[in-house]
Amino acid sequence: MYHFLPIKKSKRTIFPKWQFLFTMFILFNTTLWAQNRTITGIVTSGVDQAPLPGVSVLVKGTSTGTTTDEKGRFTLSVPEKAVLSVSYIGFLSENVDVGKQTNLSIILQSDTKSMDEVVVVGYGSIKRGDLTSATAHVGPKDFRQSGARNAMDLLQGKVAGLQVTRSGSNPNSGVSIQLRGATSIMGGNSPLIVVDGIPGGNMDLLQQEDIESIDVLKDGSAAAIYGTQANGGVILITTKKGKPGQTRFDYANYFRKEFVQRQPKFLSADEYRKKMEDGVFTGTDGGANVNAFDELINKDNISQYHTLAISGGGENNSFRASTYYRNLEGIAKENGRQEYGIRANFNGKGLNDRLNTSVNLVTNYNNANLLGGGGWEWAYTRNPTQPLKNADGSWYYEQTTTNEVARLYEEKYRRQQQTSSLDGKVSYMFLDGLNGSVFGSIQRNSYTDSYYASLNSEPSFKNGNGYKGEAEQTSFLRTDYAFEPTIDYKTIVNEDHSITAVAGYSYRRSVEQGFDAKNFGFSSDVLEDNKLQTGNALIDGKAEMNSNKWDSKLIAFFGRANYSYKGKYMFQGIYRREGSSRFGANNKWGNFGSVSAGWNISAEEFMKEVSFVDDLKLRAGYGVTGNQDIGNYNSLVTLGTGNFYIFPEGENGIWRQTYGPNRNPNPNLKWETKKEFNIGLDFSLFNGKLGGSIDAYKRVTDDLLGEYKSQQPPFIRDFLVTNVGQLSSKGIELTLTASVIQTDKVTWRTDFIASSNSARMDSFSNDVYKVSYRDFGSIGGAGALGDAFRVMEGGKLGNFYGKRFAGFSEDGKWLFYKKDGSAVPFDQINDSRTDLENTDLAVIGNAIPKFYASWNNTITYKNFDLRVFFRGRFGYDVLNTTELSYGNRVALPNNVLESAFTKHEALSDTYMYSDYYIESGSFVKLDEVTLGYTFKLNTAKLRNFRIYVTGQNLATFTSYSGADPDFILDNGFGNEINGRRLGLDPRDPYPSTRSFLVGLNIGF
């Protein structure tokens, strides 16, 4: 029983001290808990949006907190105006202002040092800190955000030394890729593309949202493991895979609109008519006002893209599947492509995690409209007063020109394409650190092209045989097989010695075949090309049919060993022995290899006191690679068709096809060999605020593949594909990354990339074949102007070679400089291209840029993110062929540029190629501006929700007067690449466009 003692009453009631403190404590906590509220949230990784378990979530300034569960979720009671301190090992801490939110979505960004970043190399991966070679790693956060069609577009301006050039915004065109300059005249100069281990992976099977990372093996010491395919470097693309955990859905889309910019100024119909009235030239006034260029432009273009990915998995398996739809509409009418496809990946473990399996399946369907996208020169230069149609509504056709607008209505040219790839890998751990793997893949690329010209089309109008209608179908099939078993071993000895090694065998085979059939003379347009046999030309024996097939094989044995001592000293050795069916019987097999070393200077004792240095590593390597990227059967004598002859005796007068040799055999034909030395420095300073790398290299390519004149006899034909000559180049590359601002609310990261390359043709000759120079770059057009480039023994690549402009005479005739410096008319100079001692021709420019640079800035403020990306080329020249052909009044009555009456007013002479038309191509481009906003969601069902807008090709700062210099080819020797030539601004460039894009990313 409790007894209560009465309290004595008094006039003044005074609380004892302990009673007062107790009362205040009760009142404070009552008020505090009355204002507290419960919030929930989820914490995910900014790298892959995966939930993060075990994250510390504290109310800042208190000891109140919790940790996230296995799904990254948490529940916490917080007071008003609370700020959460969120931290996790390996990620940057975040301070989150709760405000009035009740459900938070928090994204933590990786705090991994650059030296701990994992980089994919040939047949494996390695930490950047252990690399001994020149490589570059590009992740999704660094990709361009402009709606790339080709995966290589994502790398433009992102990797020092890598040039990615487009010819314009045509959705059906590809890219030209070159790493560290040209390495071959006849062979390919592009890097080898490897997708998820598949050498020669198809770019059409890759979507930006499916790519996890892109790694570039720049130097020979890194690329040597790919042997005869690695002279141009290697680009390794890794796609996203599923991760164990809750099933995740990711959806992304964009819509894009394009607008024409930098259009050349030709005379309008009224200006053209006025020139005729003023007696400048004699022409025909057709009575119309036609802007044919506008008639070719698709002003209503809207491109769109949608993709959905599903991923997840359990303890022993994971999966990821994605599907997409993309409709790209070019700025040109009847020019676009619609694509859709799927990608699926499955990974599984078994036998106590010793067995690992992986399967990838991807397929793409493409319906491309190939009809439009051309005709620009015709549109600019036609008589703008001439109507496109006759008075009766029929199309206006001429024998000397083409009505490109009529083509868009009277012809069709479509492609139906399917590209598929299937690969699988099985790995088994025999012993701790010892794994065996078997990898196999098959790629299949097939398409059918359908062409039809109607009865009212121009081909029908101009057909000399009187046939109406023209139909053609072309089919193509290429199948690539790869089989590569490997074994790898990893061990650490006495905690100081780390050893990794891989050895393997590679078998690759490619088979390609095609078929084409064409017929003429149809009675109706109803069936188009779907009944080729109904054309009358087949009956008359004038239909056409062709087919072809070839195959090639590549077999190799390879190995690589890496050794590291205490993480301070790293060594790597690579060896590959490889055989190719493309080479002669005496040189089927070649040996390739490399050695490289790294010194982690920052791990040394004497660096302990240098507090501002986080990581500092010196690298050096030497590697030998090859090039077998030429056509098949160049080492063999092959037969070609000749004329038809009648064999009356015993043949009853039947005509027979004849065959004869069309190629000389060369049993000594072999690969080109590139020897490359690279030295580099990787660094990270000031707690990661400044980092980057610098590389310097020198490379020499011997035994260049080329076509040379051969003696008859003993050879049957007058040319031979053989190995002659040497090419050398050197360069320097710089990559800098800086964190300028890093606060709770604002971050600013800037990246600067620059490179320079200089190439020289050391020799074109050997003891048998003597050549002192070669000409490249046919100028084309009126005037039979010849070639623009000359590469001399001992001279630079890309040199323009021609006459030196000295002014105009009083009557507007050309004057050029002779060798002695005197200015004379054209007919008094020695313009011989063979008399090298006395010719007045000289080097008049160079088309290969001396420097490349790009500058990217990424700024975040609260939920906003802003990216501003500049890039440019510097120190090179461009031949303006449009000015050459149409800045001259001699081109009339074809339409001409306004500059023919302003800039070139003094000219009154025929076409001439000289440095008068060579201009600086240097430019700086505001290539991309992206503004995004990420919503802080009040629901646990959405992981992320971001919208963004992007402007691309917003401004170009250049003195060049022609089309966009960015779309002029800047690599190669001057020979044709994808229909273009180095340094020559074509007369019919696909219009440069400025585009605006709005996109959305959702994860749930």
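Criteria and thresholds
Residues numbered from 1 in each chain as written. Predicted model: local features only at pLDDT ≥ 70, side-chain atom pairs only at ≥ 80, totals over all residues. Heavy atoms only, no water. Helix = DSSP H or I, 4+ residues; strand = E, 2+ residues; numbered from the N terminus. Contact = heavy atoms within 4.5 Å. Areas by Shrake-Rupley, 256 points an atom, 1.4 Å probe, with all protein chains shown as cover. Lys, Arg positive; Asp, Glu negative; His and termini not counted. Charge placed at Lys NZ, Arg CZ, Asp CG, Glu CD. Core = buried A, V, L, I, M, F, W, Y, C linked by side-chain atoms within 4.5 Å. Buried < 20%, exposed > 50% of the residue type's maximum accessible area, 1.4 Å probe, protein only. Patch = residues over 30% accessible without salt bridge, like charges linked within 9 Å, V, L, I, M, F, W, Y side chains within 5 Å. Salt bridge = Lys/Arg side-chain N within 4 Å of Asp/Glu carboxyl O. Pairing = 2+ DSSP bridges. Axes fitted to C-alpha atoms, helices over the stretch in contact; angles between N-to-C directions. pLDDT = per-residue confidence, 0-100. Arc of directions from axis to C-beta.

Along its length, the protein chain carries nine helices and 52 strands. Seen along its three principal axes, the alpha-carbon backbone of the protein chain occupies a region of about 140 × 70 × 70 Å. Taking all contacts inside the protein chain whose residues are at least 6 apart in sequence as the whole, residues at least 24 apart take part in 69%. With the model as given, the accessible surface of the protein chain reaches about 46500 Å², and the carbon-plus-sulfur share is 56%. Each charge class in the protein chain was averaged separately, 109 positive and 108 negative side chains, and the resulting centres sit 8 Å apart.

Another aspect to go through is the nonpolar core. Residues Met 761, Phe 800, Leu 879, Tyr 913 and Phe 973 are the most contacted members of the largest nonpolar core, which totals 69 residues. Listed by contribution, the elements that provide at least two residues to this core are helix H3 (269-277), helix H4 (292-296), helix H5 (376-381), helix H6 (404-410), strand S37 (746-763), strand S39 (787-792), strand S42 (814-817) and helix H9 (881-886). When residues of this core are assigned to their parent elements, the largest contribution, four residues, is made by H5. In this structure, Phe 143, Val 159, Val 175 and Leu 179 belong to the second largest nonpolar core, which totals 23 residues.

Let us now look at a positive patch on the surface. Taken together, the side chains of Lys 698, Lys 730, Arg 760, Lys 796 and Lys 850 define a basic patch exposed on the protein surface. Assignment of secondary structure puts Lys 730 in strand S36 (residues 726-742). We classify Lys 730 as exposed; its relative accessible area is 52%.

Okay, the sheet that holds strand S43 (residues 823-825) next. The strand order S41-S42-S43 describes an open sheet built from three strands, whose pairing is antiparallel. With partners counted over all chains shown, the strands left at the sheet margins are strand S41 (805-808) and S43, one partner each. When the angles between neighbouring strand axes are averaged without regard to direction, this sheet yields 35 degrees. Relative to S43, S42 runs antiparallel, the two sharing three bridges.

As for its placement among the helices and strands, Phe 612 is situated in the loop between strand S28 (589-600) and strand S29 (613-627). Since its relative accessible area comes to 41%, Phe 612 is described here as partly exposed. For the pair Phe 612 and Leu 685, spaced 73 residues apart in the sequence, the C-alpha separation amounts to 5.6 Å.

Further remarks concern unusual backbone geometry. Of note, the bond from Leu 892 into Pro 893 is cis; its omega dihedral lies within 30 degrees of zero at 15 degrees. In this fold, Pro 893 is placed in the loop between H9 and strand S48 (918-920). For Lys 81, which is not glycine, the phi torsion reads 55 degrees and is therefore positive. Tracing the backbone shows Lys 81 in the loop between strand S4 (73-78) and strand S5 (83-87). Its identity is not glycine, yet Asn 687 carries a phi of approximately 55 degrees, on the positive side.

What follows covers the confidence of the model for the protein chain. Averaged over every residue, the pLDDT of the protein chain is 90; residues scoring 70 or more account for 94%. A low-confidence stretch, residues 1-16 stays under pLDDT 50, and its non-local contacts, those more than four residues away or across chains, total zero contacts. pLDDT under 50 marks residues 25-34. Its contacts with residues more than four places away, or in other chains, come to one contact.

Attention shifts here to H3. A turn of α-helix holds 3.6 residues, and therefore any two residues three or four places apart point the same way. Among the residues making up H3, those that are buried are Ala 269, Tyr 272, Arg 273 and Met 276. Each buried residue of H3 sits inside an arc of 95 degrees when the element is viewed along its axis, so together they form one side. In the stretch just after H3, Gly 279 is the one whose phi turns positive, near 80 degrees.

What follows deals with the pattern of salt bridges. Side-chain pairs of opposite charge can arise whenever the charged atoms involved come near each other. Counting across every chain of the model gives 55 salt bridges. For Arg 833, the salt bridge is made with Asp 775, and the minimal N-O distance between the two is 3.3 Å. In this pair, Arg 833 is assigned in the loop between S43 and strand S44 (842-846) and Asp 775 in strand S38 (residues 773-778), connecting sequence segments 58 residues apart. The partly exposed category is assigned to Asp 775, whose relative accessible area is 24%. A salt bridge links Asp 840 to Lys 818; the shortest N-O distance between them is 3.2 Å.

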